[in-house]
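# Overview (structure and organization)
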Amino acid sequence: MKNLVQSLLFVLLAAGFAACTETDDPESGPSNILEEQYFTIANATYVESPMPTPTIADPIEGITMNGQAIAGGSNIVTITTEQEYTQFFVGIKNIIGYWAVTPVIDSNGQSNSAVKTETGYFIPILYSVIFDTNVTILVSARTKSGEYTKVTEFPISFVETKSGDLEINLSFNNEKDIDLHLYTPSGDHLCYYRRGGIVETSEGEVEFGLDKDSNAGCQIDGLNNENIFIPEVLVEDGQYTVKVNMYSNCDPSIATSWAVLARYNKELLNNEVEGYGNPAMGVYPVDAYDGDMTTVMKFTIHKRNR
């Protein structure tokens with residue numbers, strides 16, 4: 001297989017993925033409706049008021065994101081621009097309150113927040129595990145000169161997926177055939193050609209495997225999400241390996257940002273692959289090769305210790 005050609009790699013560290021709010025109380029759980037029902041942004045500040053009033057007519061330049069979402073998954077607001085922005089604001093239409101986040105320059109791939117890059121900005125968002133509805137996400141920014149941009153609206157369609165105690169999700173921001181692969185401790189390989197199924201266990205019949213294979217063979221469905229789920233009875237002790245693969249670069253004229261997220265019992269798992277976090281994030285650049293099969297995550301589960 002050809003090697004992956006990547007222009008940028010950005011990491012979300014699982015330990016740092018708790019969003020900051022103006023009323024944070026670690027003993028009280030979620031402190032606002034955005035965090036509880038919709039999404040969080042690492043190192044963002046929750047502001048309980050309407051989105052900032054625009055002072056200029058221009059929206060954010062070169063902004064895109066995935067228009068479909070799954071519960072507990074992730075999304076990447078990708079901004080390709082030479083314009084300099086000092087802060088971003090992200091909310092939900094008809095919901096009072098928004099996240100304010102300041103981008104950081106990421107020189108070593110270790111940031112867990114909004115990132116300023118050579119080509120623009122990345123704003124990773126993490127959907128709530130109870131996210132279950134269509135929404136419109138609002139995004140605006142403050143320019144270097146202190147002006148506030150026009151709000152950009154992104155309709156987001158909720159896509160129902162099958163759930164398990166162990167869940168691995170892949171999201172990407174445009175129409176490519178990018179595949180999710182999971183290798184279990186016993187050597188099983190779950191992917192588009194080994195999708196799992198229904199098996200008989202001591203607890204009866206249970207279902208497991210890959211239930212979404214998006215844009216297969218460049219037959220575009222626009223989902224841009226893949227999901228692997230495993231119920232508790234089939235979760236094994238030991239180390240799991242997650243790979244992403246650009247199976248087919250359906251449009252080599254555009255870059256594609258992606259994110260992989262893994263949870264066990266709704267909690268983010270510790271990623272043991274150096275240079276990546278959970279979620280693990282990266283970019284397939286323009287003209288990315290097919291067939292890279294890049295290892296982006298390893299995690300170990302010890303059920304006996306739970």
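First, a word on scope: everything that follows refers to the structure included in this document. (Residues numbered from 1 in each chain as written. Predicted model: local features only at pLDDT ≥ 70, side-chain atom pairs only at ≥ 80, totals over all residues. Heavy atoms only, no water.)

## Quick notes on the overall build of the chain
Keep this limit in mind: Only DSSP runs of H or I covering at least 4 residues are called helices, and only runs of E covering at least 2 are called strands; the numbering of each starts at the N terminus. Between buried and exposed lies partly exposed: a residue is buried under 20% and exposed over 50% of the maximum accessible area for its type, with that area taken using a 1.4 Å probe on protein chains only. Under the convention used here, a 1.4 Å probe and the Shrake-Rupley method define accessible areas, while residue burial counts only the protein chains that appear.
The helix and strand inventory of the chain stands at one helix and 25 strands. The proportion of buried residues among the 306 residues of the chain is 52%. Of the accessible surface of the chain, which amounts to about 13,400 Å², a share of 46% is contributed by carbon and sulfur atoms.

## A word on unusual backbone geometry
For the peptide bond that leads from N278 to P279, omega is 5°, which places it in the cis range. Turning to its location among the elements, P279 is positioned in the loop between β23 (267-268) and β24 (280-284). Non-glycine residue M293 carries a positive phi angle of around 45°. With respect to the helices, strands and loops of the structure, M293 is situated in the loop between β24 and β25 (294-301). On the accessibility criterion, M293 (15% relative accessible area) is buried.

## Quick word on the state of the cysteines
As a reminder of what qualifies: When the sulfur atoms of two cysteines come within 2.5 Å, that pair is taken as a disulfide.
Counted by the stated rule, this structure contains one disulfide. Residue pairing for C218: its cysteine sulfur links by disulfide to C250, the two sulfurs lying 2.1 Å apart. With the S-S bond torsion at -90°, the cross-link from C218 to C250 turns out left-handed. A residue pair is termed long-range when its members are at least 10 positions apart, and C218 in the loop between β19 (204-212) and β20 (225-230) and C250 in the loop between β21 (238-248) and β22 (256-264) qualify at 32 residues. Since its relative accessible area comes to 24%, C218 is described here as partly exposed.

## Considerations on the pattern of salt bridges
Applied cut-off: Salt bridges are defined by distance alone: a side-chain nitrogen of Lys or Arg within 4 Å of a carboxyl oxygen of Asp or Glu.
Evaluation of the coordinates by the stated rule reveals five salt bridges. For E84, the salt bridge identified is with K144, shortest N-O distance 3.7 Å. Residue E84 is located in the loop between β7 (74-80) and β8 (85-92), and its partner K144 is located in the loop between β13 (135-143) and β14 (152-158); the two are separated by 60 residues in the primary sequence. Overall, the relative accessible area of 34% leaves E84 in the partly exposed class. Taking relative accessible area as the criterion, K144 reaches 62% and is therefore assigned exposed. Across the salt bridge formed by K93 and E153, the nearest N and O atoms sit 3.4 Å from each other.

## What about the sheet that holds strand β16 (residues 177-183)?
Threshold: In this analysis, strands are considered paired if DSSP registers two or more bridges between them.
Read from one edge of the open sheet, four strands run β17-β16-β21-β25, paired in antiparallel fashion. Looking at the sheet topology across the chains shown, the edges are occupied by β17 (189-190) and β25. With seven bridges connecting them, β21 and β25 associate as antiparallel partners. In the sheet register, V242 faces β25, and the bridge partner there is M297.

## Structural notes on the side chain of N66
Quick reminder of the rule: The definition of a polar contact used here is a pair of N or O atoms within 3.5 Å, where within protein one atom must be able to donate a hydrogen and the other to accept one, and adjacent residues in sequence count solely through side-chain atom pairs. In this description, contact between two residues means that some pair of their heavy atoms is separated by no more than 4.5 Å.
Here N66 shows up in the loop between β5 (63-64) and β6 (68-69). Here L223 takes part through its backbone oxygen, which lies 3.4 Å from a polar atom of the side chain of N66. Not counting the four nearest positions on each side in its chain, N66 is found in contact with N75, I156, S171, F172, N173, G222, L223, N224 and N225.

## Description of the environment of A259
Locating A259 in the fold gives a position in strand β22. Accessibility expressed as a relative area gives 1% for A259, which makes it buried. Placed 23 residues apart in sequence, A259 and G282 show a C-alpha to C-alpha distance of 6.7 Å. In this structure A259 touches S74, I76, N169, L170, S171, A280 and M281, once residues within four positions along its chain are discounted.

## Quick notes on the environment of T117
Mapped onto the elements of the fold, T117 is located in the loop between β11 (115-116) and β12 (120-127). A distance of 3.1 Å separates a polar side-chain atom of T117 from the backbone nitrogen of T119.

## Some words on the pairing of β12
Strand residues, when the strand is regular, have side chains that alternate between the two faces of the sheet. Most of β12 sits inside the fold, with eight of its eight residues counted as buried. Here strand β3 (residues 39-40) pairs with β12 via two bridges, running antiparallel. What sits directly across from F39, in β12, is Y127. Pairing between β11 and β12: two bridges, direction antiparallel. Across the sheet, V115 pairs through a bridge with F122, a residue of β12. Between β11 and the antiparallel strand that follows it, β12, lie three residues.

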